[in-house]
Amino acid sequence: MVARRDPQTVAGRPCAVAASVQLIGDRWSMLVIREVIFGNHQFSQIARNTGAPRDRLTARLRDLVEAGVLERRPVSEGARHEGYYLTEAGEDLRHVVRALLAWGDKWAVTTPPMRLAHHDHPLELESHCSACGEKVDDADLTEEMLVPGWDMRGRLDEVVAEA
């Protein structure tokens, strides 16, 4: 079970992005998730490939298991060692990791250090609406705050005070 947060308890604007960052937003957590996605399930593999200090890695793995993003189970049938595996919530982070990888290739590194291929060509990400199938264009999106007392400018009592 994923540790969900009431969006009104996060600092600033009530938002799923803020709650998500609290849950998985630190550097080591995302690198742990990347490694598990890449098939590295054992502590030693994750430690080697993230470069995380062992004490910090232990804490992050524990946090991700407690949050319901990872689960511990035997690495193979009958094995006495356990590994870390994605839960359903963790599996949904594959899209986030792919998007960060694509963004990083474009903006964070001088040369992409790896490539994701889809069949015989490089993977190029696009967002499509699952309801209608159209490519998502920012001009077609609207934002609406569902929390009383807020609009897209911010908390209504503070927005009014600024005016």
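Here the structure is shown first, and the text comes after it.
The residue numbering used here restarts from 1 in each chain and proceeds along that chain's sequence as written. The predicted nature of this model means local features are confined to residues of pLDDT at least 70 and side-chain atom pairs, given and counted, to a pLDDT of 80 or more, with totals for whole chains, interfaces and linings taken over all residues. Side-chain metrics in this entry use all non-hydrogen atoms of the structure; hydrogen atoms and water are not considered.

**Student:** Mind laying out the packing of helix 2 (residues 27–37) against helix 4 (residues 54–66), listing which residues take part and the relevant values?
**Tutor:** At a minimum axis separation of 10 Å, helix 2 and helix 4 run at an interaxial angle of 75 degrees. Comparing the axis directions of helix 2 and helix 4 gives the class roughly perpendicular. From helix 2, W28, S29, V32 and I33 reach across to helix 4, where they touch R56, L57, R60, L61 and L64. Of the residues in the contact of helix 2 with helix 4, the class split is six nonpolar, one polar and two charged. Only the stretch in contact is used when fitting a helix axis, every axis being a line fitted to C-alpha atoms; angles between N-to-C directions are given from 0 to 180 degrees. Only DSSP runs of H or I with at least four residues qualify as helices, and only runs of E with at least two residues qualify as strands; both kinds are numbered from the N terminus onward. Angles are sorted into four bins: roughly parallel if under 35 degrees, roughly antiparallel if over 145, roughly perpendicular if 65 to 115, and oblique for all others. What makes two residues a contact is simply this: any of their non-hydrogen atoms within 4.5 Å. Residue polarity follows a fixed list, in which Ala, Val, Leu, Ile, Met, Phe, Trp, Tyr, Cys and Pro are nonpolar, Asp, Glu, Lys and Arg are charged, and the others, Gly among them, are polar.

**Student:** I'd like a description of the environment of M1, backed by residues and values.
**Tutor:** Within the secondary structure, M1 sits in the segment before helix 1 (16–24). When the C-alpha atoms of M1 and A67 are compared, they prove to be 7.4 Å apart, with 66 residues separating the residues in sequence. In this structure M1 touches A67 and G68, once residues within four positions along its chain are discounted.

**Student:** Before we move on, can you summarise the environment of V159 with the specific residues and values?
**Tutor:** Mapped onto the elements of the fold, V159 is located in helix 7 (residues 156–162). Leave out the neighbours within four places in its chain, and V159 touches D151, R153 and G154.

**Student:** Lay out the pairing of strand 2 (residues 82–86) in plain terms, naming residues and giving numbers.
**Tutor:** Two faces, one strand: in a regular strand the side chains alternate between the faces of the sheet. Whether a residue is buried, partly exposed or exposed follows from its accessible area with a 1.4 Å probe, protein chains only, as a fraction of its type maximum: under 20%, in between, or over 50%, in that order. In terms of burial, strand 2 is largely enclosed, as four of its five residues are buried. We call two strands paired when DSSP finds no fewer than two bridges between them. Sheet topology note: the strand 1 (residues 70–74)/strand 2 ladder contains five bridges and is antiparallel. Opposite E71, over in strand 2, you have Y85 as the bridge partner.

**Student:** Hey, could you go over the pattern of salt bridges for me, with residue numbers and the actual values?
**Tutor:** Any two side chains of opposite charge can pair, given that their charged atoms come close. We define a salt bridge as a contact between a side-chain nitrogen of Lys or Arg and a carboxyl oxygen of Asp or Glu at a distance within 4 Å. Following the criterion strictly, the structure yields nine salt bridges and no others. When the shortest N-O distance is used, the salt bridge between R72 and E82 registers 3.3 Å. Taken together, the residues span a long stretch of sequence, with R72 in strand 1 and E82 in strand 2 at a distance of ten residues. The closest approach of N and O atoms between E158 and R155, which form a salt bridge, is 3.8 Å. Among the residues examined, E158 registers a relative accessible area of 47% and is labelled partly exposed.

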